[in-house]
Amino acid sequence: MMKKQLKQTLLLALLLPTFEVSQADDWTGHISGYLGQKQLDDADWSPLEKQLSLGVIFDIKRESWPVSIAYDIIGSADVHESGALKNEAYTVEHHLGIRKIFDITGTSVTPYVGGGVALIDTEIKNRSATTHTTESDDSTGLWVGGGVYVPITSNVNLGVDVRYSQADVTFANVDRKAGGMHWGITTGYAW
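All values reported here derive from a predicted model rather than from experimental measurement.

Trainee: Go over the overall build of the protein, please, and point to the residues and values.
Mentor: The secondary structure content of the protein amounts to two helices and ten strands. In the protein, the order of α-helices and β-strands from amino to carboxyl end is α-β-α-β-β-β-β-β-β-β-β-β. Counting all 191 residues of the protein, 32% fall into the buried class. In the protein, the proportion of contacts linking residues at least 24 apart, taken out of those at least 6 apart, comes to 59%. With the model as given, the accessible surface of the protein reaches about 11500 Å², and the carbon-plus-sulfur share is 62%.

Trainee: Any details on the side chain of Arg163? Residues and values, ideally.
Mentor: Residue position: Arg163 is located in strand β7 (residues 156–166). Of the residues examined, Arg163 reaches a relative accessible area of 2% and is grouped as buried. Of note is the side chain of Arg163, whose polar atom sits 2.8 Å from the side chain of Asp161. When sequence neighbours within four positions are dropped, the list of residues in contact with Arg163 reads Ile57, Asp72, Ile74, His95, Arg99, Trp143, Val144, Gly145, Gly180, Met181 and His182.

Trainee: Now, about the pattern of salt bridges: what can you tell me, with residues and values included?
Mentor: Throughout the structure, instances matching the rule amount to eight salt bridges. Here Lys177 makes a salt bridge to Asp41, at a shortest N to O gap of 3.8 Å. Placement of Lys177 in strand β9 (residues 174–177) and of Asp41 in the loop between β1 (27–39) and α2 (42–45) is noted, with a sequence separation of 136 residues between them. What makes Lys177 partly exposed here is its relative accessible area of 44%. According to the relative accessible area criterion, Asp41 is partly exposed, its value standing at 24%. Measuring nitrogen to oxygen at the nearest pair gives 3.8 Å for the salt bridge that ties Lys125 to Glu123. Each of Asp59, Asp72, Arg99, Asp161 and Arg163 takes part in salt bridges that share partners, so that together they form one network.

Trainee: Lay out the nonpolar core with the relevant residues and their values.
Mentor: With twelve residues, the main nonpolar core is built from Leu40, Trp45, Leu48, Ala89, Ala118, Ile120, Ile124, Trp143, Ala167, Val169, Phe171 and Ala178. Secondary structure elements with two or more residues in this core: β5 (110–127) and β8 (168–171). The greatest single-element share of this core, amounting to three residues, is contributed by β5. With residues up to four places along the chain from it excluded, the contact list for Phe171 reads Trp45, Thr122, Glu123, Ile124, Glu135, Ser136, Asp137 and Arg176.

Trainee: So what's going on with the packing of aromatic side chains? Which residues, and what values?
Mentor: The geometry of an aromatic ring pair is captured by two quantities: the separation of the ring centres and the angle between the planes. Considering all chains together, one arrives at five aromatic pairs under this definition. Judged by centre distance (6.2 Å) and plane angle (25 degrees), the ring pair of Tyr189 and Trp191 falls under stacked. Of the aromatic side chains, those joined through ring pairs into one cluster are Phe58, Tyr189 and Trp191. Over the ring of Trp45 we find Arg176; its NZ or CZ atom is 5.3 Å from the centre of that ring.

Trainee: Can you lay out the pairing of strand β2 (residues 50–62) for me, pointing to particular residues and giving the numbers?
Mentor: Residues of β2 alternate between two faces, with Gln51, Ser53, Gly55, Ile57, Asp59 and Lys61 buried on one and Lys50, Leu52, Leu54, Val56, Phe58, Ile60 and Arg62 left unburied on the opposite face. Sheet analysis places β1 next to β2, joined by 13 bridges and oriented antiparallel. Counted as the bridge partner of Tyr34 is Gly55 from β2. Pairing between β2 and strand β3 (residues 68–82): nine bridges, direction antiparallel. Residue pairing across strands places Phe58 opposite Tyr71, the latter belonging to β3. Linking β2 back to β3 in an antiparallel pair, the connection comprises five residues.

Cut-offs applied
- Residues numbered from 1 in each chain as written.
- Predicted model: local features only at pLDDT ≥ 70, side-chain atom pairs only at ≥ 80, totals over all residues.
- Heavy atoms only, no water.
- Helix = DSSP H or I, 4+ residues; strand = E, 2+ residues; numbered from the N terminus.
- Buried < 20%, exposed > 50% of the residue type's maximum accessible area, 1.4 Å probe, protein only.
- Contact = heavy atoms within 4.5 Å.
- Areas by Shrake-Rupley, 256 points an atom, 1.4 Å probe, with all protein chains shown as cover.
- Polar contact = N/O pair within 3.5 Å; in protein donor to acceptor, adjacent residues only side chain to side chain.
- Salt bridge = Lys/Arg side-chain N within 4 Å of Asp/Glu carboxyl O.
- Core = buried A, V, L, I, M, F, W, Y, C linked by side-chain atoms within 4.5 Å.
- Phe/Tyr/Trp six-rings, centres within 6.5 Å; stacked < 30°, edge-to-face > 60°.
- Lys NZ or Arg CZ within 6 Å of the ring centre and 35° of its normal.
- Pairing = 2+ DSSP bridges.

This is the structure:
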C-alpha cells in the first residue's frame, strides 16, 4: 500500500506543473526625475518643435514577475517671441505600460525597454498686442522606449531614457502629431 501511494505521488508530481511560492516575493521598483528634450514634427509645430521636458519615470513589480508596471509622466514646453507676437506650446504625456528590466551578470548597469499607451494633452497659446487665443486637445496613442539605470549607491541611480510617442490632435480643423522623440537624463531611487 505504501509503495502504491509513493508511486502515485511521484507520478502526480511529474504530471502536474510545480509552482514555487516564495515568502520573500518582495516589491522592487524605480522612481526617477527626468530632464530632457522632446522633438515634435517641425512641419506641425515650427518654431515650437524643440521643447524642454521635465517628468517622473516610475516602475514597480514583484520579484517573481517577468516585467514591471510602468507609469511615466513627462511635460514639455517651448515659447517663441517675435516682437509683440508670443507663441507657446505645451504637452503633457502620461505613459502607462510595461517595462522589462534586464539584470546582466558581471555589471551593475541595468538596461530596460518598455511600451504601452500614451495619453497626450496639448495646448497652444498665441498672443499679440491685440489678440489672445488658446487651443487645446488631447488624444490617445502609443509609446515605446528604452534606457539604462546606472547605480551610484545601493539605492540611488543615474540614467538615460530615450522614447518615441505617437498620437494625433486637432487644432483649427488641422491634424497635428502630438507625440515625438524624447531623450533625457534621469536620477532617482531604486528599491
